[in-house]
Amino acid sequence: MVADTAPSGAMSRVYALSDGNSFYASCERVFDPSLIDRPVVVLSNNDGCVVARTPEAKAMGVPMGAPWFEIRESYLRAGGLVRSSNYALYGDMSRRVNAIYDQYADEVEVYSIDESFLDLTLAPAPEQHARQMRETVLRWTGIPTCVGLGPTRVLAKAANHLAKKRPEFDGVCDLSDPERRMTLLASMEVADVWGVGRALSARLAANGVHTAADLAALQPKSARQILTVMGERIVLELQGVHCSALEVTAPARKGVAVTRSFGRPVSTLAEMEQAVRTHAVRAGEKLRRHGRAAPQIVVFYFTSRHRDGPQRSVSGVETFPVATSDSLALSAAAGRLARRLWKPGYLYTKAGVMLDGLISPTDAALDLWHQPDPRRGELMRAMDAVNQRFGRHALAPAGVTYQRPWGLKQDMRSPRWTTCLAEVPIAKA
């Protein structure tokens, strides 16, 4: 853990956390104005449960994570609207928002699809700078955001929480001033502090800590005894002591997984093999994008314990002679494992592939009897270029298809407005 404070006379750090409000639902509203000011929920894979809600849906009492089948009838009867997840749209809108952040900050850490930490230390008036950035994001992308400012990442996160919960801040809250900070932290439950949550808040309550201000007033050593070393870091950061810098360069991946629940149960080997081979090709794309290679592949599939009937869960592994990111090799291995593991008479509901122990391709140990063909690398680069230009479905190995009867259930998905040429909105005169 690195803990430091700014030397006397030195410029204090200013971090910002910018967060898209109800991000998935906001993305839907950008291209469908009929959703504005109306209750909207976005569902998880296979239209399972609620993963995003507009303020109007929250006001109706729709809880996060609510199973769709349980609330569907009452929610629709009350006038609510629903959309299936449209991850292609959300990912592209996130990229557009972060491109704006890059213009306003010296460093940006993309923390999640809807949250980013920014370093605004060199901004002459950080709060005004943040407000201008927020207005630009809304004007250029249509995505409403809230911004929290503070001398540490934990305080920036706390300020963001206050900016969202308290209308008087108009979307931007600054916790840089120590006196103002303690006043505002006293109004914030300790469970809402980043890294605490509901489970640890009960332990803190037993020690007389109920608010974020109470936690900030703890001695770091006491926090370590209650919450381990992570709790000590949280307390230090709440006190304004810098403990962690932005991760502007993502750490090298150690693993890749591509897993999907089926839109309907799979009961034939042909469909299962097609599914895992398709997942393996997607995993290969991820490997090449991150400059990694896999020494082995794991394939698994299983039935649902929530369904009646016989249950089965299986997995298998195949090791490559030389670590690879070749989609042809990954797909072929996935197909072999699917056939090896197959047993009929079951209704399988989920399958996936995992690649662990990833390394740089330059670090892969060569095998005297299995020399990699340099033309395969050229083939993969060509395939990636074609798919990047014409869409992921344009070119794929034999045996892989994106016309998937077993694919995700997305009955209420909106068009992929920004990433699929056939679904680009058309302006009519």
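From a predicted model like this one, the values you see are computed outputs, not experimental measurements.

(A) Region of the structure containing empty space enclosed by the protein. Per the stated rule, a full pass over the model turns up one cavity of 30 Å³ or more. Residue lining of the largest cavity: 13 residues in total, with Phe23, Val97, Tyr101, Ile113 and Asp114 positioned closest to the centre. Of all the secondary-structure elements, those providing two or more residues to the lining of the largest cavity are β1 (15-20), α4 (87-104) and β6 (115-119). Of the residues belonging to the lining of the largest cavity, the class tally is five nonpolar, six polar and two charged.

(B) Focus on the sheet that holds β6. Judged by pairing direction, the sheet is mixed, and its five strands sit side by side in the order β5-β6-β1-β7-β8 without closing on themselves. Single-partner strands in this sheet number two, and they are β5 (107-110) and β8 (172-174). Adjacent strand axes in the sheet meet at a mean angle of 15°, parallel and antiparallel pairs treated alike. When strand β7 (residues 145-150) meets β8, the two strands line up parallel, connected through three bridges. For leucine 149, the partnering residue across the bridge sits in β8 and is aspartate 174. In this fold α4 packs onto β1, β5, β6 and β7, with an angle of close to 155° to the strand it touches most, β5. Sheet strands in contact with helix α5 (residues 126-141) are β1, β6, β7 and β8, and its direction is about 160° off that of β7.

(C) Quick look at the sheet that holds strand β4 (residues 81-83). Strand order across the open sheet formed by three strands is β3-β2-β4, with mixed pairing between neighbours. Two strands in the sheet have a free side with no partner beyond their single neighbour: β3 (50-53) and β4. The average angle at which neighbouring strand axes cross in this sheet is 30°, direction not considered. Bridge count between strand β2 (residues 40-43) and β4: three bridges; the pairing is parallel. Note that in β4 the partner of valine 41 across the bridge is valine 82.

(D) Geometry of the packing of aromatic side chains. Within the structure shown, the criterion is met by 14 aromatic pairs. Considering the side-chain rings of tryptophan 68 and tyrosine 75, the 5.9 Å spacing of their centres and the 75° angle between planes classify their relative orientation as edge-to-face. Residue tryptophan 68 is classed as buried on the basis of its relative accessible area of 5%. On the accessibility criterion, tyrosine 75 (2% relative accessible area) is buried. A ring pair is formed by phenylalanine 300 and phenylalanine 302, whose centres lie 6.1 Å apart and whose planes are at 10°; its orientation type is stacked. A relative accessible area of 25% places phenylalanine 302 in the partly exposed class. Within the aromatic cluster, the residues linked to one another by ring pairs are Phe23, Tyr24, Tyr87 and Tyr90.

(E) Expanded view of the layout of surface pockets. The space that makes up the second largest pocket amounts to roughly 1,000 Å³. Along the wall of the second largest pocket there are 40 residues; nearest its centre are Asp19, Asn21, Ser22, Lys58 and Lys164. Looking at the lining of the second largest pocket, the elements with two or more residues in it are β1, α1 (23-31), β3, α2 (55-59) and α6 (153-165). Element by element, the count of residues in the lining of the second largest pocket is highest for α6, at seven residues.

(F) The arrangement of the UniProt feature "domain: UmuC" (unreviewed entry) in the protein in detail. Per the UniProt record, the feature "domain: UmuC" (unreviewed entry) sits at residues 15-197. As annotated, residues 15-197 has a helix share of 44% and a strand share of 19%, and its two end C-alpha atoms lie 22 Å apart.

Criteria and cut-off values
- Residues numbered from 1 in each chain as written.
- Predicted model: local features only at pLDDT ≥ 70, side-chain atom pairs only at ≥ 80, totals over all residues.
- Heavy atoms only, no water.
- 1 Å grid on protein atoms, 1.4 Å probe; cavity = no way out; pocket = protein on both sides within 12 Å on 5 of 7 lines; lining within 4 Å.
- Points joined across faces, edges and corners; volume = space filled by probe spheres on them.
- Helix = DSSP H or I, 4+ residues; strand = E, 2+ residues; numbered from the N terminus.
- Nonpolar A, V, L, I, M, F, W, Y, C, P; charged D, E, K, R; others polar.
- Pairing = 2+ DSSP bridges.
- Axes fitted to C-alpha atoms, helices over the stretch in contact; angles between N-to-C directions.
- Contact = heavy atoms within 4.5 Å.
- Phe/Tyr/Trp six-rings, centres within 6.5 Å; stacked < 30°, edge-to-face > 60°.
- Buried < 20%, exposed > 50% of the residue type's maximum accessible area, 1.4 Å probe, protein only.
- UniProt positions renumbered as here; feature names shortened; annotations may be inferred.

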